[in-house]
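Each chain, letter by letter, is given below.
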Amino acid sequence: MRRATALNLFGAAMLLCGANSSSFALAQNAQERPKQPVRRVIDEVGRSVDVPAQVNRIVTLAPNLAEIIYALGAEDHLVGVSEYTDHPPAAKEKPSIGMPVNPSLEAIVGAKPDLVLATTSINLVKTVDTLARLGVPAYTTDPHTIEGTLRSITDIGDVIGSSHEATALVANLQARLDALQTKLKSEKPVRVLFVVWEQPLQSVGDNTFIADALHWAGAESAIHTKQNWPTISLEEVVKLNPDYIVYAENQMGDDSNGSSLPAGIRPAIARHLDELRNQPVWRDLSAVREGHIAIVDDEIQVPAPGLIDSIEQLARELHPAVFSPQSVSHVSSVPRTWHSIPSEAVSCVR
Amino acid sequence: MRPLTPKRITWICVGLAAILFVIVVFSLEVGASPISVTDVVKTLLRGAAAMFTGNWGTIPPSNKLIVFGLRLPRVALAVLVGAALSVSGASFQALLRNPLADPYVLGVSSGAALGAIFSLAWFPHFPWTMQLLAFVGALLTIAAVYFLGRRGGQLDSTTLLLAGIVAASFLSAIIMFLMTTLSGRDLRGMAFWLMGDLATPPALRLRFLFIVLLIAIGAIYTTASDLNLILTGEREAHHLGVNVARVKLVVYVGASLLTGLAVSVSGAIGYVGLLIPHVMRMFFGSDYRLLIPASALGGAIALALADTLARTIVAPVELPVGAMTAAIGAPVFIYLLRRRLT
């Protein structure tokens, strides 16, 4: 019996050696990594990150970060993306490193990245901590507003060595936002119920960038709360009595002609209205009675360049009068989609 | 059943340790990132050599990082947590004289999880708070379940299990309440964590965990012969000279410590504590002198295997290991139950 205990101890001691050796290996690793020139940057959550002077292999841990990399034209350096990365469609072809909340650390390390991009809106501190401990530089963005999203684009551009592209892109997006603001200046904000999830009904709190995006689109959330994704009861919806009900849906229609809405919107609105009109209580809401349903591309939930497209689209749905054909020329004087920014337009904006 | 001799205990433990070794090597070889078996073996051998020579340069950095930095700590954690949960299950089964007792069923895991969430919500930056509060949560829950499970001064099997189920659902309700109302950044991963999650912890905590688990298992092991007597009846054990109160206290604190620590590093993982001691009893009999080390090794084998499956079957997406243990454990448990009935 005593011998058995001794044996157990032996087996356990072997494991301890394993644990020791792993920390030893890590310490060694940390020492031998920085052979190429690095520069120390502070990320948006205040961590200092040693980024190689020349970033060649990027892994993104959230869909919006991959979208930003594409928008900056650095997609050739993108060697790994998280699940759910589907924008732009080409990003789906990149190798996956797992879910944003619990990515496979080993898949990340196996991609041999010299920079990992994370974001506070979906990734966990734990993941970034572990990567840092393993000597993999991980830069975290922390956008809470549209301005914050633009700042993140600038920061990422700076970190990956595409600051030129980032400045141009941000200037373009900012110009579109400014144009939108000018247009909607005299409009009263529309009080909307933004539906994040239908069962259970979830909306947005004040500190989310969706709430901020609504402001830019000439709207405001009917619900004010510190919780980010409040679950709300139907009773509360009745009490709030929103002007519009807004759903976020994936619709990749062609919306390049400025004034009209994406092709899929009308049927989607009709479908939602039909559904709501068949439900007790919902059908008596004034927004439903008047057919005040708006559909916005689900890009509005993603803090990336495409978000500005969604804001413009929502603004057109909520304020059709302002966007009547004669006033359209004003907004479309700024190129609308980042996919196709002509270089002349970029230099003219700058 | 053959008589239990020290020789037999030794050989069974050596056998189980050999199986564990094979499983550990196997799980070091598979993963989301493809590294050939020969490269893993080379990395391991060179790593072992480097521990003596200090020359790590011969190993490609990314292989070293994946094998030593990620896979080894994770497998080691699975081994430790599996052993802890399994021994804790075996202990509760003896302490409460109930074959269905296990940290998960008795609500002890939920209590530990609640303690851990408290610490994450209010003391996120203090070291060891999570472990400490998880331990306190486990201790309080098992005490509450123990007292609720008594009827007329006697421990009643059915009442005890019902008390455990009630405690687990009540604590889960509090956990849900906290997770809904506190929209803090660190609580977001909780849903995964509650299902059991073995993603790499810091190396320091692994060593600490190892030492404390060893002490707790060792302490429980010292009571093994007494536990055998207590299982035949507390009064009988008392008449045979066993200090029943002391034994129960040691086992109670030891098993709570094991559960609290396991939950604080890996979330609530079910079925290991329930199933492994039963499987071990089936093979090796119910003498606690053998059952405790056999359960420790068996739990280690089971969880290392379950976690390897969890991180590889849909790689690079990782499943919570708790979902894996439940998916395998539930049918196996039903099988054992039916077999015992017929």
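Reading the values: rules and limits
- Residues numbered from 1 in each chain as written.
- Chains lettered and ligands numbered in written order.
- Predicted model: local features only at pLDDT ≥ 70, side-chain atom pairs only at ≥ 80, totals over all residues.
- Helix = DSSP H or I, 4+ residues; strand = E, 2+ residues; numbered from the N terminus.
- Buried ≥ 20, exposed ≤ 12 C-beta atoms within 10 Å, placed from the backbone.
- Pairing = 2+ DSSP bridges.
- Axes fitted to C-alpha atoms, helices over the stretch in contact; angles between N-to-C directions.
- Contact = placed C-beta atoms within 7 Å.

Engineer: How do you make sense of the overall build of chain B when you look at a structure like this?
Structural biologist: A tally of regular secondary structure across chain B gives 14 helices and 2 strands. C-alpha atoms of chain B, sized along the principal axes, occupy 65 × 55 × 40 Å. The buried share of chain B, reckoned over its 342 residues, is 51%.

Engineer: Hey, could you run me through unusual backbone geometry in this one?
Structural biologist: All names here are of chain A. Histidine 87 connects to proline 88 through a cis peptide bond whose omega is -10°. Omega for the bond connecting glutamine 199 with proline 200 falls within 30 degrees of zero, at -5°, which places this linkage in the cis form. Counting through the fold element by element, proline 200 comes out in the loop between strand S7 (190-195) and helix H7 (209-216). A positive phi angle, close to 75°, is found at tyrosine 84, a residue other than glycine. Relative to the assigned elements, tyrosine 84 resides in the loop between strand S4 (78-80) and helix H3 (105-110). Phi at asparagine 241 is positive, roughly 45°, even though this residue is not glycine. Secondary-structure assignment places asparagine 241 in the loop between helix H8 (234-240) and strand S9 (244-249).

Engineer: It is not clear to me how the pairing of S9(A) should be interpreted in this structure. Could you clarify?
Structural biologist: It is a general feature of regular strands that their side chains alternate between the two faces of the sheet. Residue and element names in this part refer to chain A. Bridging between S7 and S9 involves 4 bridges; their strand directions are parallel. When the bridges of S9 are listed, valine 195 appears paired with tyrosine 247. The pairing of S9 with strand S10 (residues 293-297) spans 5 bridges and is classified as parallel. The partner of isoleucine 245 across the bridge, within S10, is isoleucine 293.

Engineer: Would you mind showing me how to read the sheet that holds strand S5 (residues 115-119) of chain A here?
Structural biologist: Strand pairing within a sheet occurs via backbone hydrogen bonds; the two strands may be parallel or antiparallel. Residues and elements named next belong to chain A. In space, the 4 strands of this open sheet follow the order S4-S3-S5-S6, with parallel pairing throughout. Looking along the sheet, the strands with just one partner apiece sit at the ends: S4 and strand S6 (138-141). Ignoring which end each strand starts from, the neighbouring axes of this sheet average 35° apart. Note: strand S3 (residues 58-60) against S4, 2 bridges, orientation parallel. Bridged to isoleucine 58 within S4 is leucine 78. Contacts between helix H2 (residues 63-71) and the sheet are confined to S3, S4 and S5, with S3 contributing the most and set at about 140° to the helix. Running at roughly 155° to S6, helix H4 (residues 125-133) makes contact with S5 and S6 of the sheet.

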